[in-house]
Amino acid sequence: MIKKILITGAAGFIGSHLSEKLHSKFKSSQFILYDKITYAANKIYLKNLLKKKNVKFIRDDILNFKSLENSLKNVDLAINVAAESHVDNSYGNSLIFTETNTLGTHFFLESCRKRGVKKIIHVSTDEVYGENLKKPFKEFQSLNPTNPYAASKAGGDMMVNAYKKSYKMNIITVRANNIYGTRQYPEKLISKSIYNFICNKKMTIHGRGNNYRFYLSVDDFCWGIIKIITTGKSGNIYNIASKKKYKITEVIKMIANYLNKSFKKNIKFVEDRPFNDKIYKINCNKLKKLSWKPKNNLEDDLPKICEWYKDNINLFKK
């Protein structure tokens, strides 16, 4: 039985959805929701959970070692979702990414070690493998990050590997595709396109927009995490992948069509990133063997996501 669960980054886009799903699954567990509340997080996303007697919120930084260690007292399961995740920002201010994603992961792991946490889930990204034009990467393959964000996440993954080997800790790493859904700060492709079109602003596209990405529903991601918690093997790495790839321009066109905006009139092509991976492909057969598979798809989900942003646009207008 999991008596107590701690989630870092709990007030962010992914963290808040995951906190809700885990709370509905593990109803008798105590929850510690830990978040610094950066620009991309909001306690409003946790408003229903914070009313529950078995939920406690702690506002603090993952880099505050003493606070994190104290928060992990008697925790059975700790999940590290806290991260700086926007690739564009990592080119301009990469040190913050190393602090949160690499050093922050080290702080998290060391705090868990000192508190004797029985099970740990570390949330990474498919970008640590690097660009992939051939066969989808499997979990055992080498890391080859190509941007500062991915490198900072790979640094965290290396620290996880060291703690598994050196301290024999029960740590599972999760690497997923780009995740979409409600509550995402409007800086990523889907959320930013929706926000800009609603606010009558042009959407910028790097280069010619010919790169491809796989998009995974946040709901599918969360259920994948639950499968890994309940049936995943200690020390393993699990990829979580969606089925279909989309060209960047295809995604923006779908959003423009739903919001009745002219694609040509409402986009602006800008200089490409210093290095922009063509595509990330990962194999998730290992997770599928645990009876998981993606149930959602982007085309069907876009309308409800667009409507959520219409209803909650003021959250992002500061």
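Anyway, here's the lowdown on the structure attached to this text. Note that the structure is predicted; figures quoted are calculated from it, not measured. Every chain begins its residue count from 1, and numbering advances along the sequence as written. Only residues with pLDDT of at least 70 get local features here, since the model is predicted, and only at 80 or more are side-chain atom pairs given and counted; chain-wide, interface and lining totals rely on the full set of residues. By convention in this description, side-chain values take in all heavy atoms of the structure and omit both hydrogens and water.

## Digging into the overall build of the protein chain
Check the secondary structure of the protein chain and you find 10 helices and 12 strands. Over its C-alpha atoms the protein chain spans a radius of gyration of 19 Å, differing by no more than 12% from the 20 Å that the globule rule assigns to 318 residues. Based on the C-alpha atoms only, the size of the protein chain along its principal axes is roughly 55 × 45 × 40 Å. Classification of residues uses two cut-offs on accessible area relative to the type maximum, computed with a 1.4 Å probe and protein chains only: under 20% is buried, over 50% is exposed, and between them is partly exposed. For the protein chain, the residues scored as buried account for 55% of the 318 residues in total. In what follows, a contact means two residues having at least one pair of non-hydrogen atoms within 4.5 Å. By sequence separation, contacts in the protein chain at least 24 residues apart represent 83% of the contacts at least 6 residues apart. Helix and strand definitions here come from DSSP, where helices need a minimum of 4 consecutive H or I residues and strands a minimum of 2 consecutive E residues; each element is numbered from the N-terminal end. The globule rule used for comparison is 2.2 Å times the number of residues to the exponent 0.38, while the radius of gyration itself is calculated over C-alpha atoms.

## Quick notes on unusual backbone geometry
With phi around 80°, Arg183 is a residue other than glycine that occupies positive phi space. Structurally, the position occupied by Arg183 is in the loop between strand 7 (178–180) and helix 6 (189–198). Phi is positive for Ser291, which is not a glycine, with a value near 70°. Relative to the elements of secondary structure, Ser291 occurs in the loop between helix 9 (285–288) and helix 10 (298–311). The class for Ser291 is exposed, based on a relative accessible area of 60%.

## Let's talk about the sheet that holds strand 11 (residues 245–247)
The strand order across the open sheet built from 3 strands is 7-9-11, with neighbouring strands paired in mixed fashion. Lying at the two open borders of the sheet, with one neighbouring strand each, are strand 7 and strand 11. Averaged over all pairs of adjacent strands, the angle between strand axes in this sheet comes to 50°, irrespective of strand direction. Axis lines are fitted through C-alpha atoms, for helices just across the contact stretch, and the angle between N-to-C directions can take any value from 0 to 180 degrees. Contacts from helix 10 reach strand 7, strand 9 (212–217) and strand 11 within the one sheet, and its direction differs from that of strand 7 by about 45°. The criterion for strand pairing is that DSSP finds at least two bridges linking the strands in question.

## Brief notes about the packing of aromatic side chains
Only rings of Phe, Tyr and Trp enter the pairing, Trp through its six-membered ring, and a pair is recorded when the two centres are within 6.5 Å. The plane angle decides the type: under 30 degrees is stacked, over 60 is edge-to-face, the rest tilted. Under the defined criterion, the tally for this structure stands at 11 aromatic pairs. Taking the centre distance of 6.3 Å and the plane angle of 80° together, the rings of Phe97 and Tyr149 count as edge-to-face. With Phe97 in helix 4 (residues 94–115) and Tyr149 in helix 5 (residues 148–167), this residue pair connects regions lying 52 residues apart in the sequence. Given the relative accessible area of 2%, Phe97 is considered buried. Each residue in the set Tyr39, Tyr45, Tyr185, Trp308, Tyr309 and Phe316 is aromatic and connected to the rest through ring pairs, giving one cluster. Two conditions define a charge located above a ring, namely a distance within 6 Å from the ring centre to NZ of Lys or CZ of Arg, and an angle within 35 degrees of the ring normal. Cation over ring: Lys245 sits above Tyr212, and NZ or CZ is 5.5 Å from the ring centre. The ring of Tyr238 has Lys286 lying over it, and the distance from NZ or CZ to the ring centre is 5.2 Å.

## Points about the side chain of Asn42
Its place among the elements puts Asn42 in the loop between strand 2 (30–35) and strand 3 (55–59). Within 3.5 Å is the distance limit for a polar contact, defined as a pair of N or O atoms, with the added protein rule that one can donate a hydrogen and the other accept it, and that residues adjacent in sequence qualify only through two side-chain atoms. In this structure the side chain of Asn42 is engaged in a polar contact, spanning 3.0 Å, whose partner is the backbone nitrogen of Ile44. In contact with Asn42, not counting residues within four places along its chain, are Ala11 and Leu315.

## A closer look at the pattern of salt bridges
A pairing counts as a salt bridge when a side-chain nitrogen of Lys or Arg comes within 4 Å of a carboxyl oxygen of Asp or Glu. The tally for this structure, following the rule as stated, stands at 10 salt bridges. In this structure, the salt-bridge partner of Glu110 is Arg113, at a minimum N-O distance of 2.7 Å. With Glu110 and Arg113 both in helix 4 and 3 residues apart, this pair spans about one turn of that helix. According to the relative accessible area criterion, Glu110 is buried, its value standing at 16%. On the basis of relative accessible area, Arg113 is assigned to the partly exposed category, the value being 34%. Put simply, Arg175 and Asp157 hold a salt bridge, and the shortest N to O gap is 3.0 Å. Of the two residues, Arg175 is situated in strand 6 (residues 171–176) and Asp157 in helix 5; the sequence distance between them amounts to 18 residues. Across the pair, Asp157 and Arg175 agree in class, each one buried.

## A short note on the sheet that holds strand 6
An order of 3-2-1-4-5-6-10 is seen for the 7 strands of this open sheet, with the pairing classed as parallel. Of all strands in the sheet, those bounded by a partner on one side alone are strand 3 and strand 10 (237–240). On average, each strand axis in the sheet is tilted by 15° relative to the strand beside it, whichever way the strands run. The pairing of strand 4 (residues 77–80) with strand 5 (residues 119–123) spans 4 bridges and is parallel. Across the sheet, the residue bridging to Leu77 is Lys119, located in strand 5. Strands strand 1 (4–8), strand 4, strand 5 and strand 6 of the sheet are contacted by helix 4, whose axis makes an angle of about 175° with strand 4.

## Observations regarding the packing of helix 1 (residues 13–25) against helix 7 (residues 218–231)
The N-to-C vectors of helix 1 and helix 7 enclose an angle of 50°; their axes lie 9 Å apart at closest approach. In terms of their interaxial angle, helix 1 and helix 7 are classed as oblique. Here helix 1 and helix 7 pass one another in a crossing that is right-handed. Facing helix 1, whose interface residues are Phe13, Ile14, His17, Leu18, Lys21, Leu22 and Lys25, helix 7 presents Val218, Asp219, Phe221, Cys222, Trp223, Ile225, Ile226, Ile229 and Thr230. Classification used: nonpolar for Ala, Val, Leu, Ile, Met, Phe, Trp, Tyr, Cys and Pro, charged for Asp, Glu, Lys and Arg, polar for all others including Gly. A class-by-class count of the residues in the contact of helix 1 with helix 7 yields 11 nonpolar, 2 polar and 3 charged. What sets the label is the angle itself: under 35 degrees gives roughly parallel, over 145 gives roughly antiparallel, 65 to 115 gives roughly perpendicular, and the rest give oblique. Handedness of a crossing follows from how the near helix is turned relative to the far one, being left-handed for an anticlockwise turn of less than a right angle and right-handed for a clockwise one.

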